[in-house]
Amino acid sequence: MERISDAMLREHKRLHDILERLEESLEYDNKNWKELFNKFKWSLKKHFFIEEKVIFEICNSNCGEKIPEIFNLMKEHGEIIYLMSKIDSELNVIVKAINFLPSTMAFPNKSRRRMVDISVLDYNLRKNLLEIKEKLIKHSNFEDNNFYPLLDEKLSEERKLEILSRVKEIVR
């Protein structure tokens, strides 16, 4: 039987691959960046849903004991989602500013000011994306090396099958 840790390791790799494409896209393909960011955001929210509504709930109700790491993992989910919302806001402002640029070209001072604003927003966007990446790496390393192997060891075969079945349903 497949282990929970193997299934979630694949899921983590999938998320990291999307994040890598997102970073590359930021350098070479700004046109499609928002679309790829939305894909990453959706995939990450689905992933957190799997963990919080499937794995953590089954684990809490069937392990016979509370696993303190679950609270910390959920806290990290919230921090990452917060950073994602900051990027989302920054992207919306950048898109509006870029759309505004052509109409301000007749007023050089305003257009220069707008370009500075865009570069500051772009810097913040990159900084927040890097922070997300760092948090995700730390988060998934803990899950892959500690949390999921613990579940593979502690949960009954029935509970593991239930988790794996639900994960497959959602990941499709």
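On a predicted model such as this, the values are computed, not experimentally measured, just so you know.

## A few points about the overall build of the chain
Thinking step 1. In terms of regular secondary structure, the chain is built from five helices and zero strands.
Thinking step 2. For the chain, the N- to C-terminal ordering of α and β elements is α-α-α-α-α.
Thinking step 3. Counting every position in the chain, which comprises 172 residues, the buried fraction comes to 40%.
Thinking step 4. Contacts in the chain between residues at least 24 apart in sequence constitute 79% of all its contacts with a sequence separation of at least 6.
Thinking step 5. Accessible area of the chain: about 10,100 Å², with a carbon and sulfur share of 56%.

## A short note on the packing of aromatic side chains
Thinking step 1. As enumerated under the stated definition, the model contains two aromatic pairs in all.
Thinking step 2. Between the aromatic rings of F56 and F147, the centroid separation amounts to 5.6 Å while the plane-to-plane angle is 90°, which identifies the pairing as edge-to-face. In this pair, F56 is assigned in helix 2 (residues 33-62) and F147 in helix 4 (residues 108-154), connecting sequence segments 91 residues apart.
Thinking step 3. A relative accessible area of 1% means that F147 is categorised as buried.
Thinking step 4. Each ring, one from F147 and one from Y148, has its centre 5.3 Å from the other, and the planes form 70°; the classification is edge-to-face. By the burial criterion, F147 is buried, and Y148 matches it.
Thinking step 5. Connected via pairs of aromatic rings, a cluster forms that spans F56, F147 and Y148.

## Let's talk about the nonpolar core
Thinking step 1. The biggest cluster of nonpolar side chains holds 21 residues, and the ones touching the most others in it are L22, W33, F40, L44, I87 and I132.
Thinking step 2. Contact partners of L22, with chain neighbours within four places excluded, come to W33, L36, F37, F40 and L129.
Thinking step 3. With 19 residues, the next largest nonpolar core counts I50, V54, F56 and V167 among its residues.

## A word on the pattern of salt bridges
Thinking step 1. Under the definition given, this model contains 16 salt bridges.
Thinking step 2. Between D88 and K41 there is a salt bridge, and its shortest N-O distance comes to 2.6 Å. Placement of D88 in helix 3 (residues 69-104) and of K41 in helix 2 is noted, with a sequence separation of 47 residues between them. You'll find D88 and K41 in the same group, each marked buried.
Thinking step 3. A salt bridge links E79 to K75; its shortest N-O distance comes to 3.4 Å. Placement of both E79 and K75 in helix 3 is noted, with a separation of four residues, approximately one turn of the helix.

## A short note on the environment of G78
Thinking step 1. Relative to the elements of secondary structure, G78 occurs in helix 3.
Thinking step 2. A residue is classified by how much of its surface remains accessible, and G78, at 40% relative accessible area, is partly exposed.
Thinking step 3. C-alpha of G78 to C-alpha of F48: the two residues are 30 residues apart in sequence and 9.5 Å apart in space.

## Here we look at the side chain of D152
Thinking step 1. The topology assignment puts D152 in helix 4.
Thinking step 2. Aside from chain neighbours lying at most four places away, what touches D152 is R3, I4, S5 and K160.

## Overview of the environment of L129
Thinking step 1. Inspection of the secondary structure assignment puts L129 in helix 4.
Thinking step 2. Overall, L129 belongs to the buried group, its relative accessible area being 3%.
Thinking step 3. Remark: the alpha-carbon pair of L129 and K86, spanning 43 residues in sequence, is separated by 9.7 Å.

## Quick word on the confidence of the model for the chain
Thinking step 1. Residues of the chain with pLDDT of at least 70 account for 80%, and the chain-wide mean is 82.
Thinking step 2. Taking the mean pLDDT of every element in the chain, the minimum, 79, falls on helix 4 and the maximum, 91, on helix 5 (residues 157-171).
Thinking step 3. This stretch, residues 103-116, has a pLDDT under 50; its non-local contacts, to residues over four places away or in other chains, come to nine contacts.

Thresholds, definitions, all that
Residues numbered from 1 in each chain as written. Predicted model: local features only at pLDDT ≥ 70, side-chain atom pairs only at ≥ 80, totals over all residues. Heavy atoms only, no water. Helix = DSSP H or I, 4+ residues; strand = E, 2+ residues; numbered from the N terminus. Buried < 20%, exposed > 50% of the residue type's maximum accessible area, 1.4 Å probe, protein only. Contact = heavy atoms within 4.5 Å. Areas by Shrake-Rupley, 256 points an atom, 1.4 Å probe, with all protein chains shown as cover. Phe/Tyr/Trp six-rings, centres within 6.5 Å; stacked < 30°, edge-to-face > 60°. Core = buried A, V, L, I, M, F, W, Y, C linked by side-chain atoms within 4.5 Å. Salt bridge = Lys/Arg side-chain N within 4 Å of Asp/Glu carboxyl O. pLDDT = per-residue confidence, 0-100.

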